[in-house]
Amino acid sequence: MKVFAGNSNRLLAEAICNYLNLPLGRATVRRFADQEIFVEIQENVRGEDVFLVQSTSFPTNDHLMELLIMIDAMRRSSARRITAVLPYFGYARQDRKPGPRTPISAKLVANLITEAGADRVLTLDLHAGQIQGFFDIPTDNLYSVPILTRDIKEHYELENVMVVSPDVGGVVRARALAKRLDCQLAIVDKRRERAGESEVMNVIGDVTGKDCLLIDDIVDSGGTLCNAAEALLKNGATSVTAYITHGVLSGGAVARVTSSKLKELVITDSIQPTTAVQSAHNIRVISTANLIGEAINRTSQEESVSSLFD
Ligand code: R5P
């Protein structure tokens, strides 16, 4: 087995290699003067079981293209099997036609990864589980729930905790966590009037005196989260913390979170944290390296991956 990484999340790739007790494979991903991407694999991969770690996070298109070119380079170097490891799968939110004459970009990206030559995909907390079906190659969707559960148990008295979904679409995810923690569940009924804006309408459930834990897969602008936090506090919650897998945190999101009433935003390292994220007083990053490392190990040994979540 060999593990390689593009430029999107080398810190995570190194931590995964640390878990696996392997050196990170030697490869360079460079730019020509006109910004074309050039990849060079600097060690033999003939006959190897290769894992390529690359989140398709900002700059999404560059990181996606890096991944596709790395897959191509591995295929032409006679790797035995190539697994694209996407701790964060960008474009996942475009998983259906929101209106007439619009694309399903998540499917297009799945096709690109497959056509480039990937044999398998390993990813984490897909925006919607059914995106696995967009790939015609085996796809494992890992869940961050065990990592989040452990962290919550270390930081909270569970008797006073209420798990909250920040919108109706996230109820299944939040319910799974509430079940593991044996806590109650509340829902923020959000109405989004315009793309990029969010508006909180109603809190379903009694959150008075509760430590609310907002659960979501993505924090992008931070609008959904900060509006939900305000609604919960208005409804009598004692504190609001958010546990969110993918810290996309575009534009002014970090400033929005730091100036919000959120006690803490806990994200994973599926997207490499920027320096702004690292220095934010109320953002904490927890690692997925051991989970992804173990999934890579089991894939390579042809062992069960789903049993990681039993
Ligand atoms: C939406 O369906 C997702 O689960 C997130 O709630 C959304 O992407 C968050 O976006 P933002 O932080 O921009 O409100």
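None of these values were measured; they are calculated from a predicted model. (Residues numbered from 1 in each chain as written. Predicted model: local features only at pLDDT ≥ 70, side-chain atom pairs only at ≥ 80, totals over all residues. Heavy atoms only, no water.)

**Q** Explanation requested: the site of the ligand in the structure shown.
**A** Contacts to the ligand come from 13 residues, most closely from Asp216, Asp217, Asp220, Ser221 and Thr224. Contact distances for the ligand include 3.2 Å between an oxygen atom and a side-chain N or O atom of Arg93. Within the side chain of Asp217, one N or O atom sits 2.6 Å away from an oxygen atom of the ligand. Compared with its free state, where it exposes 380 Å², the ligand has 85% of that area covered by protein. (Near = heavy atom within 4 Å. Polar contact = N/O pair within 3.5 Å; in protein donor to acceptor, adjacent residues only side chain to side chain. Areas by Shrake-Rupley, 256 points an atom, 1.4 Å probe, with all protein chains shown as cover.)

**Q** Before we go on, may I ask you to explain the domain arrangement of the chain in this structure?
**A** Accessible area lost when the parts come together is the quantity often used to give the size of an interface. Each domain of the chain was delimited in the assignment, giving domain 1 (2-142 + 290-309) and domain 2 (145-287). For domain 1 versus domain 2, the distance between C-alpha centres works out to 27 Å. At the interface, 16 residues of domain 1 touch 15 residues of domain 2. Arg93 is the partner of Asp220 in a salt bridge, and the nearest nitrogen-oxygen pair spans 3.0 Å. Our count for the contact surface shared by domain 1 and domain 2 stands at 12 residue pairs in polar contact (both at pLDDT 80 or more). If one sorts the elements of the side of domain 1 that touches domain 2 by residue count, helix H1 (residues 10-20) sits on top with 3 residues. Of the residues belonging to the side of domain 1 that touches domain 2, the class tally is 8 nonpolar, 5 polar and 3 charged. (Domains from an automatic or database assignment. Contact = heavy atoms within 4.5 Å. Salt bridge = Lys/Arg side-chain N within 4 Å of Asp/Glu carboxyl O. Helix = DSSP H or I, 4+ residues; strand = E, 2+ residues; numbered from the N terminus. Nonpolar A, V, L, I, M, F, W, Y, C, P; charged D, E, K, R; others polar.)

**Q** How do you make sense of the sheet that holds strand E6 (residues 120-124) when you look at a structure like this?
**A** Paired through their backbone hydrogen bonds, the strands of a sheet run either parallel or antiparallel. Spatially, the 5 strands line up as an open sheet ordered E1-E4-E5-E6-E7, and their pairing is parallel. Edge positions in the sheet fall to strand E1 (2-5) and strand E7 (139-142), since each has one partner strand and no second. Here the strands of the sheet are splayed against their neighbours by 20 degrees on average, with no regard to which way each runs. When strand E5 (residues 81-86) meets E6, the two strands line up parallel, connected through 4 bridges. Considered in E6, the bridge of Thr83 is made with Arg120. Lying over the sheet, helix H2 (residues 60-76) contacts E1, strand E4 (49-53) and E5, oriented at roughly 165 degrees with respect to E5. (Pairing = 2+ DSSP bridges. Axes fitted to C-alpha atoms, helices over the stretch in contact; angles between N-to-C directions.)

**Q** Which parts of the structure should I look at to understand the nonpolar core?
**A** Within soluble globular proteins, side chains that are nonpolar generally end up buried alongside one another. With 38 residues, the main nonpolar core has Ile16, Leu142, Val163, Leu177, Tyr243 and Ile296 as its most contacted residues. There are two domains that each give this core at least three residues, and those are domain 1 (2-142 + 290-309) and domain 2 (145-287). Non-local contacts of Val163, meaning those with residues more than four positions away in its chain, are made with Ala174, Leu177, Ala178, Leu181, Cys183, Gln184, Leu185, Ala186, Leu213 and Ile215. Listed in part, the 35 residues of the second largest apolar core include Val29, Ala79, Ala92 and Ala106. (Core = buried A, V, L, I, M, F, W, Y, C linked by side-chain atoms within 4.5 Å. Buried < 20%, exposed > 50% of the residue type's maximum accessible area, 1.4 Å probe, protein only.)

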